[in-house]
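Residues per chain, in single letters:
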Amino acid sequence: MRAEAELPILPVRDTVLFPNAILTLTVGRESSLRLIGDLPAEGEKIIGVVAQRDPRVDNPQPTDLYQIGTAAVVHKIIKLPTQSLFIFVEGLHRIGIEEVLQFEPYLRARVQALPDVEAGEEASDFAALARSVTTQFQQIVQLSPTLSDDLQTVVLNIEGPGRLADFIAANLPSFSSTERQELLESLDLRVRLDRLNHLLARELEILQLQSKIKSDVQDQVSQSQREYFLREQLKAIQKELGEADEQQEIEDLRKKIEAAGMTEEAKKEALRELGRLAKMSPAAADYHVTRTYLDWLVALPWNKVSDFKVDLAKAKAVLDQDHYDLEKAKERILDYLAVLQLKPQLKGPILCFVGPPGVGKTSLGKSIARALDRQFVRMSLGGIHDEAEIRGHRRTYIGALPGQIIQGIRRAETRDPVFMLDEVDKIGRDFRGDPSSALLEVLDPEQNSHFRDNYLDVQFDLSRVLFICTANVLDTIPPPLLDRMEVLEVQGYTEEEKVHIAQKFLIPKQSSENGVTLGDQIVFNREAIVGIIRHYTREAGVRNLEREIGTICRKQARRIAEGNQEKLEVTPDNLSTFLGVPKFRPEVEIVERTRRPGVAVGLAWTPTGGDVLFVEATMMKGGKNFTMTGNVGQVMQESMQAALAWVRSHASEYGIDPEFFQNHDIHMHVPAGAIPKDGPSAGITMVTALVSALTRRPVRERVAMTGEITLSGQVLPVGGIKEKVLAARRAGVREIFLPAENEPNVREDLPVEQREGLELHYVKTIPEVIEGALEKQPVAEAAPKVAPEAALVQASAPPN
């Protein structure tokens, strides 16, 4: 090639081509593929190979390339299935880029051949430098496991210091791309050899250190083998002398197995593993695995049961002391104790407490354990995705352990504890398994006497365990699992019950936790507690009530810490000083929102208890359109359509022009549009809102209702009656319309004191609701024409 020529430039990543070196390159960039494709079919295919400064640049420009590269001839081109090319190139000589002549479709530049600068080549120190480079390279080849020994012979036959340096630089893979480029750009042979000498010295030092480390490791392995043989000899000597500590340890384990009271299957497996352990060296990989397994087997309470004598009076006193109300759950526990007194070998029942948050489901489990004088174990199932949490991992896995059931039994140290499975309705499932399916065996009294944990791989009897599950809703519990549990509903508290709970439990607890003396430093009067319940909490349980009481106690603690020793008496007048502006004004809300026609108040059931919601209806000029809004589900939409159908079929009875529906649009809306709503029990509320809007007769003050409707005008029963009635009472409702068939539910679930102040109307047909709920006279026509907000009912509970 001429001293100055024009060449296509091939940019390469993390690669430096040296003169006289052969290199294989994979070409995949579009511009590079175009460059190779434009090479002549015949004759020499000469290109310029230049390294990129930054290998992450996909479309390099001249500024992204080094100024010095290598002219190379392309010997062979192979097409790959990935549309890339595999080329073999041989470096010719160094080149410097003088001027870029072409940018697209690939770089083309005028290049200048760069010869080696041979200054003082005949000097003795230069020869010594070349010989030092050769010697170090031979030593590196000897130490490196990746370099061929033939390189030692080849390097001796290379003539010329320039070719020698380039050969060594091209054949050492440990050099970085930057170091290779520096060697390529070193035109002065003395500078190039000196730089290469320093790099080789560094590489030789690293390889010598690696060799030393490898030698030390081999010595350690040899030492370990030597120690093993010596240990075996020592064991033989100790056996002859009767001083074998390991044998004593094996015998201790054997005694523990005999005393553990295992089943025949478990004992057989334990003795088999013990035999394996006796033949192992403590240094063996499986030694600690087997030892841990045996420790688990002997630690389990195979035949240990609680020493408990049934005392129904004491159990009832404990339950009443810890929890107010919850009569159904208490009665079921006392029934279990009565049967246990007659039949001591009774299997433990599988109970499931279902109710809104904060009503005392988890704490009731602790009280049951105290009443039964048994150990209490709690396991939270919320968010569990792996079935191994229940059944454990097999011993083949590193760090394997039994499942949480067996671990809980070991912590209890008895095989008949009270075992609480909290939040059973929030179990997850994914590719790791379905924990709810694993619970099917645990919670089946006919199967759990033969429960087999994956880790233990022997049967363990869980039939004496009293399993108690808790859940907020039943919908998310799989039917097979739900079928194995006896469901006990733990319903929300009334205002009177909350006042009693606050006085007896919450206020003493919070005053003690916050360092305030009840009676001497702080006093809550009854009206203040009622004010907190009505205006600062809206819940079925008492968690938020406890938080608000705790807030007041902390405020008083701060006053005392600041030097104000005056006793604080909490009254309705100073509540806002500690808790801020009232968060809820239910009585005012209901009165204000039901002043105009087209608004009806409904009662809703939610997983957190009952609530009062609103349904709106209005009409406007249009063309027979019926619009339903408010994020309502399919069932609630069908209830709206059924309500409209009934109203249209009975229009003449209420003085509504039958032709009115032909030239008017009707819109029904359920406020709180961000919250999904569904269920059939809003039926009578929808009918009432429609008739109110069309007849201009507003709903009577403080009236609420719930019930499903049929097209024939019947009112059908619904669920969640207690929660709905309690919600109505909290909101200041005075009259409630309920389906007649729900009257037994009211009498069973709501004592007389809980119905005090409420007038309950039991209805069978829609006309009874309309006549009782609406005012007798319509409002004046001057009333605003925009329909007010209307009462929403969410009735997601199924009929009884």
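Residues numbered from 1 in each chain as written. Predicted model: local features only at pLDDT ≥ 70, side-chain atom pairs only at ≥ 80, totals over all residues. Heavy atoms only, no water.

Colleague: So what's going on with the nonpolar core? Residues and values would help.
Modeller: Within the largest apolar cluster, 59 residues are counted, with the highest numbers of intra-cluster contacts made by I87, I168, L172, L196 and L200. Aside from chain neighbours lying at most four places away, what touches L196 is V133, A165, I168, F175 and L183. Counting 52 residues, the second-largest nonpolar core is a separate cluster that includes Y287, C352, L443 and V458. (Core = buried A, V, L, I, M, F, W, Y, C linked by side-chain atoms within 4.5 Å. Buried < 20%, exposed > 50% of the residue type's maximum accessible area, 1.4 Å probe, protein only. Contact = heavy atoms within 4.5 Å.)

Colleague: Explain the packing of aromatic side chains to me, using residue names and the numbers behind them.
Modeller: Enumeration over the complete set of coordinates arrives at seven aromatic pairs. Between Y293 and Y455, the ring centres sit 5.8 Å apart and the planes meet at 65 degrees, which makes this aromatic pair edge-to-face. Linking Y293 in helix α9 (residues 287–299) with Y455 in the loop between β10 (451–452) and β11 (459–460), this pair joins segments that are 162 residues apart in sequence. Taking relative accessible area as the criterion, Y293 reaches 0% and is therefore assigned buried. Of the residues examined, Y455 reaches a relative accessible area of 3% and is grouped as buried. (Phe/Tyr/Trp six-rings, centres within 6.5 Å; stacked < 30°, edge-to-face > 60°. Helix = DSSP H or I, 4+ residues; strand = E, 2+ residues; numbered from the N terminus.)

Colleague: I'd love a proper account of the environment of V16, names of residues and values included.
Modeller: Along the chain, V16 turns up in the loop between β1 (4–12) and β2 (22–27). For V16, a relative accessible area of 9% translates into the label buried. Note: C-alpha distance between V16 and L183 (167 residues apart in sequence) is 9.7 Å. Those residues in contact with V16 that sit more than four places away from it in its chain are A51, S177, R180, Q181 and L184.

Colleague: Help me get a handle on the pairing of strand β7 (residues 350–354), residues and values and all.
Modeller: Most of β7 is tucked away: five of the five residues are buried. Burial of β7 is two-sided: the residues I350, C352 and V354 facing one way and the residues L351 and F353 facing the other way are all buried. In this structure, β7 lies alongside strand β12 (residues 466–471), joined through five bridges in parallel fashion. Counted as the bridge partner of C352 is C469 from β12. Note: β7 against strand β13 (residues 486–489), four bridges, orientation parallel. Across the sheet, residue V354 finds its bridge partner in β13, namely E489. (Pairing = 2+ DSSP bridges.)

Colleague: Break down the environment of V487 for me, with residues and values.
Modeller: Summarising the element assignment, V487 is placed in strand β13. Not counting residues up to four positions away in its chain, the partners in contact with V487 are C352, V354, L474 and L482.

Colleague: How would you explain the packing of helix α17 (residues 495–513) against helix α18 (residues 526–535) if you had to name every residue and give the values?
Modeller: Helix-helix packing is described using two parameters, namely the angle between the two axes and the distance between the axes. Look at α17 against α18: their axes get within 10 Å of each other, and the N-to-C directions meet at 115 degrees. Judged on the interaxial angle alone, α18 and α17 are roughly perpendicular. The crossing of α17 and α18 is right-handed. Between α17, through E495, E496, K498, V499, A502, Q503 and I507, and α18, the contact on the second element is made entirely by R526, I529, V530, I533 and R534. Taken together, the residues of the contact of α17 with α18 sort by class into six nonpolar, one polar and five charged. (Axes fitted to C-alpha atoms, helices over the stretch in contact; angles between N-to-C directions. Parallel < 35°, antiparallel > 145°, perpendicular 65-115°, else oblique. Left-handed = near helix turned anticlockwise from the far one by under 90°. Nonpolar A, V, L, I, M, F, W, Y, C, P; charged D, E, K, R; others polar.)

Colleague: How would you explain unusual backbone geometry if you had to name every residue and give the values?
Modeller: If a residue is not glycine, its phi is most likely negative; likewise, a peptide bond is most likely trans. For the peptide bond that leads from E104 to P105, omega is -5 degrees, which places it in the cis range. Of note, P105 is situated in the loop between β5 (85–102) and β6 (108–114). One non-glycine residue, E423, lies in positive phi territory at about 55 degrees. Along the polypeptide, E423 turns up in the loop between β9 (418–422) and α15 (435–442). In this structure E423 comes out as partly exposed when scored by relative accessible area, which is 24%. One non-glycine residue with positive phi stands out, namely N631, at about 60 degrees.

Colleague: If you had to explain the pattern of salt bridges to someone new, which residues and values would you point to?
Modeller: Evaluation of the coordinates by the stated rule reveals 35 salt bridges. Of the charged contacts in the structure, one is a salt bridge between D38 and R34, with a shortest N-O distance of 3.9 Å. Owing to a relative accessible area of 46%, R34 belongs among the partly exposed residues under this scheme. Residues E486 and R332 are paired through a salt bridge, measuring 2.6 Å at the closest nitrogen-oxygen approach. Of this pair, E486 sits in strand β13 while R332 is found in helix α11 (residues 327–342), placing the two residues 154 residues apart along the sequence. A relative accessible area of 30% means that E486 is categorised as partly exposed. (Salt bridge = Lys/Arg side-chain N within 4 Å of Asp/Glu carboxyl O.)

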